[in-house]
Amino acid sequence: MRDVTGTYHGKWVADHNTQVTPFWNGTLPSGYSRPEDGSTGRLKLVLSSESTSHRLAEVLRGTVGLQSGGFSTLLEVEGLYWSDSGVAVLHGAPEVSAQSAVDVVGAVPSERLFATAKAALGEAYARLLPQRKRAEDVGRDCEYHVYVQFRPGRKALVARAVMFAPACSVSVATPAGRTIVGLHAKTYLLMVLRYAAVAALGMVALLLLLERQMRHTPTPASLARVSYHTLTMQAIVDSHIFVLHAIACTAVGSLAFLVSGAVAFVVFSALLVLVMRYVSAVWRSQQPSAVDPDDCRRCLVRMYVTAYVALVVGVVATYAYLDSQRPLPAAVLATLMAVAHGYWVPQIWRNAKRNTSGGLRWDYVAGTTAVRLFFPLYAFAYPSNVAYVSPAPLVWGLVAFSLAQTAVLMMQDLLGPRFFVPELLRPLAHDYHPPVSLPSEEDLERNSLSSDAAAVCAVCIQPVDSALEGEHLTPSHMLTPCAHMYHTECLQRWMDIKLECPVCRARLPPP
């Protein structure tokens, strides 16, 4: 094989009785004991080649990542590849200094390979050394010998590998009878760009759906039906999705992918600004007008600070976790993702508590749910994803949870906000057209309903003396919980703007 540049992925297993290389008979000496026999995990190998004047020898550089619950590492590797035999001998360490790959020269298994290794590495480092800077820390935890046997494949790259670190008693290899597979660098880049384009379109879709939702709630009364906790959770989820993609951009490093990342950043920034503006409008609509403006501003600042602190903490934790190369247990990851995707729960709770619905457009609910589910489904249900994440059946539980929330929200519009609450547990909603007796004498005296002032609607300043028919209110009039009476049409128009009594500024429940 001539071109082995690409990204490989597969599994590793600890077997201390394995052969040292797939092409050199012999077993490891005694003393290799870590990780325990039978331990297994994920292996990712990223390689790039540099040709030399020796026709059959190339210099390979790249990274090797090993992941499992108790044994994980990320190494930088350098070494030689012989295309006639498909063999590569690499040296790996957490930090590679200028002379690290020289160690592979003594590890090659024949005189012919030894001679070409010295010549090829000498030529490569003659070009490389003037560009090198002095390393501030040349200490290493473990240095590895990496042997790779490449095999021709129809479409994919195929290889077997053995890694061992004499100073650390570590030995791992690809499982017997199995290989690591990968894609050529150009093929992988095209796959990454296709994914980046789809992800950017998803962000644009979220932006358009949010803009339509904002036009659906132009008044304070309609904004009061929306939960700002739901919007804040969605903003935090979107922020973490973007952070993961930003880290991937820097890891891939391709100019095309970085350009795609820049476009995604612009779209995400617009989305975040729009979301926080909407959160601010929703929050303000749910505060009584009697609140001091300075107190309102302080509360708003605290809300913004809390949201951004949660974002920063999440970003730092995400980056630290990815940098550690240690995967989370499946149960912990599933719990975190379920909490993150429970953003419709506050909206469901608000609908049921206030006995209101219709605050969110159906296309907004369905569309944003679908876009945000695309990312976990791509990572944990699509085997050929760009991150080579292994499929996880638990992701379908996340899908069911998200779809259940969406269904409940839509059913609240169709069957009533409290359709799932047993009759005995439902709180009594205020009836603005009480079919019972007139207000008590104390209410009439307190609010002057029996006086001349009682005959005036505070909204239109027109008489309401015809509001009573015997001992009942007419449908054309409404009585607030604070015992103030208005024309139905007047009060409904007022509540489309503010959910508070025009006379005493008391909070009013939605009609």
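All of these numbers come straight from a predicted model, not from anything done at the bench. (Residues numbered from 1 in each chain as written. Predicted model: local features only at pLDDT ≥ 70, side-chain atom pairs only at ≥ 80, totals over all residues. Heavy atoms only, no water.)

### Section: the packing of aromatic side chains
Counting across every chain of the model gives 11 aromatic pairs. Summarising the aromatic geometry, the rings of tyrosine 8 and phenylalanine 150 are spaced 5.9 Å apart at their centres and angled 55° between planes, so their arrangement reads as tilted. Highlighted residues: tyrosine 8 in strand β1 (residues 6-13) and phenylalanine 150 in strand β8 (residues 144-151), separated in sequence by 142 residues. Here tyrosine 8 falls in the buried class, since its relative accessible area comes to 0%. Classification of phenylalanine 150 as buried rests on a relative accessible area of 3%. Considering the side-chain rings of phenylalanine 419 and phenylalanine 420, the 5.3 Å spacing of their centres and the 85° angle between planes classify their relative orientation as edge-to-face. Ring-pair connections join several aromatic residues into one group, and the members of that group are Tyr195, Phe374, Phe375, Tyr378 and Tyr382. Above the plane of the ring of tyrosine 343 lies arginine 372, whose end atom (NZ or CZ) is 5.4 Å from the centre. (Phe/Tyr/Trp six-rings, centres within 6.5 Å; stacked < 30°, edge-to-face > 60°. Helix = DSSP H or I, 4+ residues; strand = E, 2+ residues; numbered from the N terminus. Buried < 20%, exposed > 50% of the residue type's maximum accessible area, 1.4 Å probe, protein only. Lys NZ or Arg CZ within 6 Å of the ring centre and 35° of its normal.)

### Focus: the pairing of β1
Successive side chains on a regular strand alternate, one facing one side of the sheet and the next facing the other. In terms of burial, β1 is a largely internal element, six of the eight residues being buried. Of the pairings in the sheet, the one linking β1 to strand β4 (residues 40-51) comprises eight bridges and is antiparallel in character. Within β4, the residue paired with glycine 6 across the bridge is leucine 47. (Pairing = 2+ DSSP bridges.)

### A look at the pattern of salt bridges
Across all of its chains, the model carries seven salt bridges by this definition. Where arginine 61 meets glutamate 78, a salt bridge forms, and the shortest distance between an N and an O atom there is 2.7 Å. Placement of the pair is arginine 61 in strand β5 (residues 57-67) and glutamate 78 in strand β6 (residues 73-82), with a sequence separation of 17 residues. By the burial criterion, arginine 61 is buried, and glutamate 78 matches it. Of the charged contacts, one joins glutamate 211 and arginine 215 as a salt bridge, the two residues approaching to 2.8 Å between their closest N and O atoms. Here glutamate 211 pairs with arginine 215, and both are found in helix α2 (residues 185-216), just four residues apart, close to one helical turn. (Salt bridge = Lys/Arg side-chain N within 4 Å of Asp/Glu carboxyl O.)

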